[in-house]
Amino acid sequence: MIKITYVTITYQAAKVLQRTLDSVLQQDYPEITHLIIDGASTDGTLEMVNDYIERSNATGNGHKVLLMSEPDNGIYDAMNKGLRSLDGDYVCFLNAGDFLPASDIASRIVGAIDGQSPAVLYGDTDIVDADGHFLHPRRLCPPEHLTWKSFRHGMLVCHQAFYARTDFAIATPYSQKYRYSADVDWCIRIMKAAAKENVPLLNLHMVVVNYTEEGQTTLHHRESLLERYRVMESHYGRLSTFFMHCWFVVRSVISR
């Protein structure tokens, strides 16, 4: 059976973590590993995770839950720790506060693979508020046929809706020269590697994650945008990135 690994990065996340843990616990698909990479939290996060491990074991759902808690050098260092601990076939980074929208999501994702072995599985995202209540679908939508060049138009697939095949993921660690946008760079580099090996990407045609609006990129919006511009320049070139961002400005004015 296809094995899915969810990696959740936590630090002082007790206020928002429970819905993330519960959404994985409730999955009816047995071949799931949940790696929780914690940055030595002191706010009750670890107690919450240990309770989750006990509940998961008690259900007999077949899930494996692993916890690592130690100081790190930021979120992307923690994500790389997750990559170094992977097993299975596909990995998804499900941040604390974000959650799977239904108990059969993993089953439906595996069903959509249907004997293939795509480099990336990608789907749609709904935006929720700090209490987990639905707000609206994500403004940027995945294209029918995603390629690494698609992200010239923005990050069309949310990081949490991007399931990477583990061999590609392990071979592509997150760049720690970025503080807020290494996830964009990571997705592009994985898609580039897939294109080089002529391995397809699969559109799942379903909402696969509920994304909490208040994340690090929201809290540091300006810094994130500037850094994302640098990521785009590194992959698509200076002129192409400049003219594409000019179009973004025009588009935003027209849509008002």
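All chains use their own residue numbering, which begins from 1 and follows the written sequence. Thresholds applied to this predicted model are a pLDDT of at least 70 for local features of residues and 80 or more for the giving and counting of side-chain atom pairs; totals over whole chains, interfaces and linings are not thresholded and use all residues. Excluding hydrogens and water, the side-chain values take into account all heavy atoms of the structure.

(A) Geometry of the overall build of the protein chain. For helices the rule is a DSSP run of H or I covering at least 4 residues; for strands it is a run of E covering at least 2, with both sets numbered from the N terminus onward. The number of helices and strands found in the protein chain is nine helices and eight strands. Values of the radius of gyration come from C-alpha atoms, whereas the globule rule sets the reference at 2.2 Å times the count of residues to the power 0.38. A compact globule built from 256 residues would reach a C-alpha radius of gyration of about 18 Å, and the protein chain, at 18 Å, matches this within 12%. C-alpha extents for the protein chain along the principal axes are approximately 55 × 40 × 35 Å. A burial count over the protein chain gives 50% of its 256 residues as buried. At a minimum sequence separation of 6, the contacts of the protein chain that also span at least 24 residues come to 80%. Throughout this description, buried means an accessible area under 20% of the type-specific maximum (1.4 Å probe, protein chains only), exposed means over 50%, and partly exposed covers the range between. Whether two residues are in contact is decided by their heavy atoms: any pair within 4.5 Å suffices.

(B) Inspection of the side chain of Ser-150 at higher detail. Assignment of secondary structure puts Ser-150 in the loop between strand 6 (134–137) and strand 7 (162–165). Classification of Ser-150 as buried rests on a relative accessible area of 10%. Ignoring anything within four residues of it in the chain, the contact list for Ser-150 reads Pro-143, His-145 and Leu-156.

(C) Fine view of the packing of aromatic side chains. Stacked, tilted and edge-to-face pairs are distinguished by plane angle, under 30 degrees for stacked and over 60 for edge-to-face with tilted covering the rest, among Phe, Tyr and Trp rings (Trp via its six-membered ring) whose centres lie within 6.5 Å. Taken as a whole, this structure holds seven aromatic pairs when the rule is applied. Each ring, one from Trp-148 and one from Tyr-236, has its centre 5.7 Å from the other, and the planes form 5 degrees; the classification is stacked. Within this pair, whereas Trp-148 is found in the loop between strand 6 and strand 7, its partner Tyr-236 is found in helix 8 (residues 221–236), the two being separated by 88 residues in sequence. On the basis of relative accessible area, Tyr-236 is assigned to the buried category, the value being 13%. On the numbers, 4.7 Å between centres and 15 degrees between planes, the contact of Tyr-174 with Trp-186 is stacked.

(D) Region of interest: the packing of helix 6 (residues 182–196) against helix 8. Where helix 6 meets helix 8, the closest approach of the two axes is 9 Å, and the angle between their N-to-C directions is 20 degrees. Relative to helix 8, the element helix 6 is oriented roughly parallel. Between helix 6 and helix 8 lies a crossing whose hand is right-handed. Residues Ala-182, Val-184, Asp-185, Ile-188, Arg-189 and Lys-192 of helix 6 pack against Glu-227, Arg-228, Val-231, Met-232, His-235 and Tyr-236 of helix 8. Among the residues forming the contact of helix 6 with helix 8, the class breakdown is six nonpolar, one polar and five charged. Between the N-to-C directions of two axes lies an angle of 0 to 180 degrees, each axis being a line fitted to C-alpha atoms and, for a helix, fitted only over the stretch in contact. The scheme is simple: roughly parallel for angles under 35 degrees, roughly antiparallel for over 145, roughly perpendicular for 65 to 115, oblique for anything else. Crossing chirality is assigned from the near helix's rotation relative to the far helix, an anticlockwise turn below a right angle marking it left-handed and a clockwise turn marking it right-handed. Amino acids are sorted into nonpolar (Ala, Val, Leu, Ile, Met, Phe, Trp, Tyr, Cys and Pro), charged (Asp, Glu, Lys and Arg) and polar (every other residue, Gly among them).

(E) Representation of the pairing of strand 6 in the model. Sheet topology note: the strand 5 (residues 120–128)/strand 6 ladder contains three bridges and is antiparallel. Across the sheet, residue Asp-126 finds its bridge partner in strand 6, namely Pro-137. A pair of strands is considered paired only if DSSP assigns at least 2 bridges between the two. Once strand 5 ends, the chain turns through five residues before running back antiparallel as strand 6, passing Gly-132 with a positive phi of about 85 degrees.

(F) Expanded view of unusual backbone geometry. With a phi close to 50 degrees, Gln-12 is a non-glycine residue in the positive phi region. Topologically, Gln-12 is positioned in the loop between strand 1 (4–10) and helix 1 (14–25). A relative accessible area of 33% places Gln-12 in the partly exposed class. In this structure, Asn-198 is a non-glycine residue whose phi angle is positive, near 60 degrees. With respect to the helices and strands, the residue Asn-198 is situated in the loop between helix 6 and strand 8 (201–212).

(G) Structural view of the pairing of strand 3 (residues 64–69). Alignment of strand 2 (residues 32–38) against strand 3, held across six bridges, turns out to be parallel. Its bridge partner lying in strand 3, His-34 is registered against Val-65.

(H) Spotlight on helix 1. For helix 1, spanning twelve residues, the distance from its first C-alpha to its last is 17 Å, which sits close to the expected 16 Å at 1.5 Å a residue. At its buried positions, helix 1 is contacted by strand 1, strand 2, helix 2 (45–59) and strand 8. Here a helix's expected span is defined as the number of its residues, less one, multiplied by 1.5 Å.

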